[in-house]
Amino acid sequence: YEQDTCPTCPTASRGGRAKLRTTPPKADASRAQKNIIEITLNKIRDNDVGDRVKFTGIVAVRPGILSSQYFYAVSEDASTGVQVYMNKKDFPLLAVGDLIEATGEISSAYDETRVKTSIRDDIKLLKQTNLPLPQEIEIASINEEFEGALIKVKGEITDLKSSYMYVDDGTEELKVYFKKGAG
């Protein structure tokens, strides 16, 4: 819009009229133009990178444990989950077992699907609940279907190092990494 006069402009003090051109603040076009798809966590990977989604999930790993920029949320039966990422690291205070609603954009990092949030208000705490029990599976069954899920494997430790170990359950061997402070 245009404003005809500016009382504080130098020409105004000499009796002149200054013309100001101001632009209203721009809305974040990427956030405003995309429809939000409400989905369940088990359908999150059916969407395309760039789609804006809203889902509910239970916090399985809080921010700051594996990274300061993300946490993991799982479905109520722990059969699926997703990384919830925020570059700004401005997460609300979250605890394991919190039921949350998150809104963000589907993205991918290191071949892992994640939901990229922008601001603290993209993550809403709904209530405190119990973390579901992990699903016990054979190592040979682990595939992309279990990405982000809470799983449990049993087996023999075949090699132990300072930052990882190998576990063999008779069907396959799995490399398990340790993260300092992860518990």
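Our structure's up above, just so we're on the same page.
Summary of the structure given here. Treat the numbers as computed from the prediction; the structure is a model and nothing was measured. (Residues numbered from 1 in each chain as written. Predicted model: local features only at pLDDT ≥ 70, side-chain atom pairs only at ≥ 80, totals over all residues. Heavy atoms only, no water.)

Points about the environment of L160
Along the chain, L160 turns up in strand 12 (residues 156–160). Spatially, the C-alpha atom of L160 lies 9.6 Å from that of V176, the residues being 16 residues apart in sequence. (Helix = DSSP H or I, 4+ residues; strand = E, 2+ residues; numbered from the N terminus.)

Here we look at the packing of aromatic side chains
Tallied over the entire structure, the rule returns four aromatic pairs. Between F71 and F91, the aromatic rings sit 5.5 Å apart at their centres with planes inclined by 85°, giving edge-to-face as the arrangement. Within this pair, whereas F71 is found in strand 5 (residues 70–74), its partner F91 is found in the loop between strand 6 (81–86) and strand 7 (98–109), the two being separated by 20 residues in sequence. For the pair F71 and F91, one class covers both residues: buried. In textbook terms, an aromatic cluster arises when at least three aromatic residues are bridged by ring pairs, as seen for Y164, Y166 and Y177. The ring of Y85 carries the charged tip of R114 above its face, separated from the ring centre by 3.8 Å. In this arrangement the basic side chain of K175 is found over the ring face of Y164, its NZ or CZ atom lying 4.1 Å from the centre. (Phe/Tyr/Trp six-rings, centres within 6.5 Å; stacked < 30°, edge-to-face > 60°. Buried < 20%, exposed > 50% of the residue type's maximum accessible area, 1.4 Å probe, protein only. Lys NZ or Arg CZ within 6 Å of the ring centre and 35° of its normal.)

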